[in-house]
Amino acid sequence: MASVDVTVAEHAFVEEKQSAGCCNGKGPGYATPLEAMSGPRESLIYVTCVYSGTGREKPDYLATVDVDPKSPTYSKVIHRLPMPNLGDELHHSGWNACSSCHGDASADRRFLVLPSLLSGRIYVIDTKKDPRAPSLHKVVEPEDIVMKTGLAYPHTSHCLASGDIMVSCLGDKDGNAEGNGFLLLDSEFNVKGRWEKPGHSPSFGYDYWYQPRHKTMISSSWGAPFAFTQGFNLQHVSDGLYGRHLYVYSWPDGELKQTLDLGNTGLIPLEIRFLHDPSKDTGYVGCALTSNMVRFLKNPDGSWIHEVAISVKPLKVENWILPEMPGLITDFLISLDDRFLYFVNWLHGDIRQYNIEDPKNPVLTGQVWAGGLVRKGSPVLAVAEDGTTYQVDVPEIQGKQLRGGPQMIQLSLDGKRLYVTNSLFSVWDRQFYPQLMDKGSHMLQIDVDTEKGGLKINPNFFVDFESEPDGPSLAHEMRYPGGDCTSDIWV
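Please read all numbers here as calculations on a predicted model, not as lab measurements.

**Considerations on the overall build of the chain**
Line of reasoning, step 1. Helix and strand content of the chain: seven helices and 32 strands.
Line of reasoning, step 2. Computed over C-alpha atoms, the radius of gyration of the chain comes to 21 Å, within 12% of the 23 Å expected from 2.2 N^0.38 for 491 residues, which places it in the range of a compact globule.
Line of reasoning, step 3. Viewed in the frame of its principal axes, the chain has a C-alpha envelope of about 60 × 50 × 45 Å.
Line of reasoning, step 4. Taken across its 491 residues, the chain has 63% of its residues classed as buried.
Line of reasoning, step 5. In the chain, once contacts between residues fewer than 6 apart in sequence are set aside, the share between residues at least 24 apart is 59%.
Line of reasoning, step 6. With the model as given, the accessible surface of the chain reaches about 17700 Å², and the carbon-plus-sulfur share is 49%.
Line of reasoning, step 7. Separation of charge centres in the chain, based on 44 positive and 61 negative side chains, amounts to 4 Å.

Set out below in structure tokens:
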């Protein structure tokens, strides 16, 4: 391995502008989460689309989807920006500036940051010249990242109030989890170094969220890249190659203060979110394998604790690889007013809405089935407590049978529309939903009742990635040009 530049040892300090700023000038985003709820209705959405792992020798691309119901191209892909390389596996995305920079009038939400999970490249996309047809601005090459930081497998990107961009990385170039940490890019997308102090890297990496008023960042843990890139193997969990911890850091100085062991109720904690209200000291993490939503909160003494807030029981099944099937919570989000939490069960196939006005006691208020392995017509049967078998009804949309299971979700600013894609990660898609390799993904829109609660699939919206010009593709994360409830953090 190339020698690691001195920038790793010299901890890249982040200067916060949080206090200075929220009242001076007007930068990107919104002053508060509640103000964001009154923002304009979305008309475009950017979707990362993948050919890596499908057997099609085509580059991954960023799709622009028209989500304006008054538009003649509503519910259609109106532009595709192919990446200049093969084998990237575009995955998550973030902005160069968001509501954390709202007080900085010089900041501009212009560039969408696209980390490539497998190749290690980070693409920077200019969305301002033409929001309907974004263009490539810059490529941060993996060799530069590895040389200066030792990091690889980039995942979650967030902008910081300092103007820097921070990207969680899941391992070293050889796929070892021990090499993971947090990459810092400056405002020109040059590699600055690692964010965390030397010796303070977590055992596993994945997602993270920061809450500056509590001077805390918490990160989650997927697994060792050399394990998860082979597909899911339950033995790898027993071998300690997957995570079950949360890592509590001081913000912004990058010191690992506490490690929370979630135990057997918190295996493979993935997406993590604080409540949007920056004064709140609580949040949730979705634990995929055990299918629990775990709440974390701060003690009066400043330490952090956790508890299971929602538990999805595994289904007893027939004709599957195991006698019990977890829901597999792979994504969740929180509405901007902190009233509702939404999550998906990728294997079971349902999307759920919970009222979390009492964060300790979430109440199920909505549920809709949008795919899954126990749908009618599937070879897999669910077994009821009395021993009878059953399957669930999944509607057809515009004459099309829904494929795979609901995976990534994105909520409109006003909380009334939930967008859903169905690809998790190409290797895992092939393992659990091989039909996606032949048919590709689709994208749905769910109408949300924000008063009484409830979810209903909109029959007028269906984006079918089976019919893409270069063949069926896998659709993953979604972003609005003006920011959303999973990209923006308030300081």
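The rest of the description comes next.
**Overview of a nonpolar patch on the surface**
Line of reasoning, step 1. On the surface, Leu234, Ile321 and Leu322 cluster together to form a nonpolar patch covering roughly 260 Å² of accessible area.
Line of reasoning, step 2. With respect to the secondary-structure elements, Leu322 resides in the loop between strand 20 (315–318) and strand 21 (324–325).

**Concerning helix 3 (residues 142–149)**
Line of reasoning, step 1. Considered for burial, the residues of helix 3 that qualify are Pro142, Ile145, Val146 and Thr149. All buried residues of helix 3 lie within an arc of 100° about the axis, which places them on one face of the element.
Line of reasoning, step 2. Along its buried surface, helix 3 packs onto strand 6 (122–126), strand 7 (135–140), strand 10 (181–185) and strand 11 (191–194).
Line of reasoning, step 3. Once helix 3 ends, the next one or two residues include Gly150, with phi positive near 80°.

**Considering the packing of aromatic side chains**
For any pair of aromatic rings, the description consists of the separation of the ring centres together with the inter-plane angle of the planes.
Line of reasoning, step 1. The full count for this structure, using the stated rule, is 26 aromatic pairs.
Line of reasoning, step 2. Both rings, one in Trp320 and one in Phe432, keep their centres 6.5 Å apart while their planes meet at 35°; by these two values the pair is tilted. Of the two residues, Trp320 is situated in the loop between strand 20 and strand 21 and Phe432 in helix 6 (residues 426–432); the sequence distance between them amounts to 112 residues.
Line of reasoning, step 3. On the accessibility criterion, Phe432 (10% relative accessible area) is buried.
Line of reasoning, step 4. These aromatic residues form a ring-pair network of at least three members: Tyr206, Trp222, Phe228, Phe232, Tyr242, Phe425 and Trp428.
Line of reasoning, step 5. One Lys or Arg, Arg273, reaches over the ring of Phe332 and ends 5.6 Å from the middle of that ring.

**Description of the pattern of salt bridges**
Opposite charge on two side chains allows them to pair when their charged atoms are near.
Line of reasoning, step 1. Enumeration according to the criterion identifies 32 salt bridges in this entry.
Line of reasoning, step 2. Residue Lys58 pairs with Asp470 through a salt bridge whose shortest N-O separation is 3.9 Å. In this pair, Lys58 is assigned in the loop between strand 1 (44–50) and strand 2 (61–66) and Asp470 in the loop between strand 31 (455–464) and strand 32 (474–479), connecting sequence segments 412 residues apart.
Line of reasoning, step 3. Exposure remark for Asp470: the relative accessible area of 40% places this residue in the partly exposed category.
Line of reasoning, step 4. The salt bridge involving Asp108 is made with Lys128; its shortest N-O contact spans 2.9 Å. Of the two residues, Asp108 is situated in the loop between strand 4 (94–95) and strand 5 (111–115) and Lys128 in the loop between strand 6 and strand 7; the sequence distance between them amounts to 20 residues.
Line of reasoning, step 5. Residues joined by salt bridges that share partners form a network here, namely Lys400, Arg403, Lys439, Asp464 and Glu466.

**A word on the sheet that holds strand 5**
Line of reasoning, step 1. Spatially, 4-5-6-7 is the arrangement adopted by the four strands of the open sheet, whose pairing is antiparallel. With partners counted over all chains shown, the strands left at the sheet margins are strand 4 and strand 7, one partner each.
Line of reasoning, step 2. One ladder, built from two bridges, connects strand 4 with strand 5; its direction is antiparallel. What sits directly across from Trp95, in strand 5, is Leu112.

**A word on the nonpolar core**
Line of reasoning, step 1. Core analysis: the largest hydrophobic core is formed by 73 residues, its most contacted members being Trp222, Tyr342, Leu347, Ile351, Leu418 and Trp428.
Line of reasoning, step 2. Discounting chain neighbours no more than four positions away, the residues touching Trp222 are Leu117, Leu170, Gly205, Tyr206, Phe228, Tyr242, Gly243, Ile268, Pro269, Leu270, Phe425 and Trp428.
Line of reasoning, step 3. In this structure, Met166, Leu184, Ile218 and Phe296 belong to the second largest nonpolar core, which totals 30 residues.

**Some words on the sheet that holds strand 14 (residues 245–250)**
Line of reasoning, step 1. Spatially, four strands are ordered 12-13-14-15 in an open sheet, and the strand pairing comes out antiparallel. Looking at which strands have only one partner, the edges of the open sheet turn out to be strand 12 (208–211) and strand 15 (256–261). Neighbour to neighbour, the strand axes of the sheet diverge by 20° on average, direction disregarded.
Line of reasoning, step 2. Relative to strand 14, strand 13 (residues 216–219) is paired through four bridges, and the arrangement is antiparallel.

**Overview of unusual backbone geometry**
Line of reasoning, step 1. With an omega of 10°, the peptide bond between Trp251 and Pro252 qualifies as cis.
Line of reasoning, step 2. Counting through the fold element by element, Pro252 comes out in the loop between strand 14 and strand 15.
Line of reasoning, step 3. Even without a glycine there, the phi angle at Glu89 is positive, about 60°.
Line of reasoning, step 4. The topology assignment puts Glu89 in the loop between strand 3 (76–82) and strand 4.

**Some details on the side chain of Ser412**
Line of reasoning, step 1. Tracing the chain through its elements places Ser412 in the loop between strand 28 (409–411) and strand 29 (417–420).
Line of reasoning, step 2. Looking at Ser412, its side chain comes within polar contact range of the side chain of Asp414, at 2.7 Å.
Line of reasoning, step 3. Setting aside chain neighbours within four positions, we find Ser412 in contact with Glu42, Arg417 and Tyr480.

**Some words on the pairing of strand 30 (residues 442–448)**
Line of reasoning, step 1. By the criterion of burial, strand 30 is predominantly enclosed, with six of the seven residues buried.
Line of reasoning, step 2. Inspection of the sheet shows strand 29 paired to strand 30 by four bridges, in the antiparallel sense. Within strand 30, the residue paired with Tyr419 across the bridge is Gln445.
Line of reasoning, step 3. The pairing of strand 30 with strand 31 spans six bridges and is antiparallel. Within strand 31, the residue paired with Met443 across the bridge is Val463.
Line of reasoning, step 4. Remark: six residues form the turn of the hairpin made by strand 30 and strand 31, two consecutive strands paired antiparallel; Gly453 in that turn has positive phi of roughly 95°.

Calculation criteria
- Residues numbered from 1 in each chain as written.
- Predicted model: local features only at pLDDT ≥ 70, side-chain atom pairs only at ≥ 80, totals over all residues.
- Heavy atoms only, no water.
- Helix = DSSP H or I, 4+ residues; strand = E, 2+ residues; numbered from the N terminus.
- Rg over C-alpha atoms; globule rule 2.2 N^0.38 Å.
- Buried < 20%, exposed > 50% of the residue type's maximum accessible area, 1.4 Å probe, protein only.
- Contact = heavy atoms within 4.5 Å.
- Areas by Shrake-Rupley, 256 points an atom, 1.4 Å probe, with all protein chains shown as cover.
- Lys, Arg positive; Asp, Glu negative; His and termini not counted.
- Charge placed at Lys NZ, Arg CZ, Asp CG, Glu CD.
- Patch = residues over 30% accessible without salt bridge, like charges linked within 9 Å, V, L, I, M, F, W, Y side chains within 5 Å.
- Salt bridge = Lys/Arg side-chain N within 4 Å of Asp/Glu carboxyl O.
- Arc of directions from axis to C-beta.
- Phe/Tyr/Trp six-rings, centres within 6.5 Å; stacked < 30°, edge-to-face > 60°.
- Lys NZ or Arg CZ within 6 Å of the ring centre and 35° of its normal.
- Pairing = 2+ DSSP bridges.
- Core = buried A, V, L, I, M, F, W, Y, C linked by side-chain atoms within 4.5 Å.
- Axes fitted to C-alpha atoms, helices over the stretch in contact; angles between N-to-C directions.
- Polar contact = N/O pair within 3.5 Å; in protein donor to acceptor, adjacent residues only side chain to side chain.

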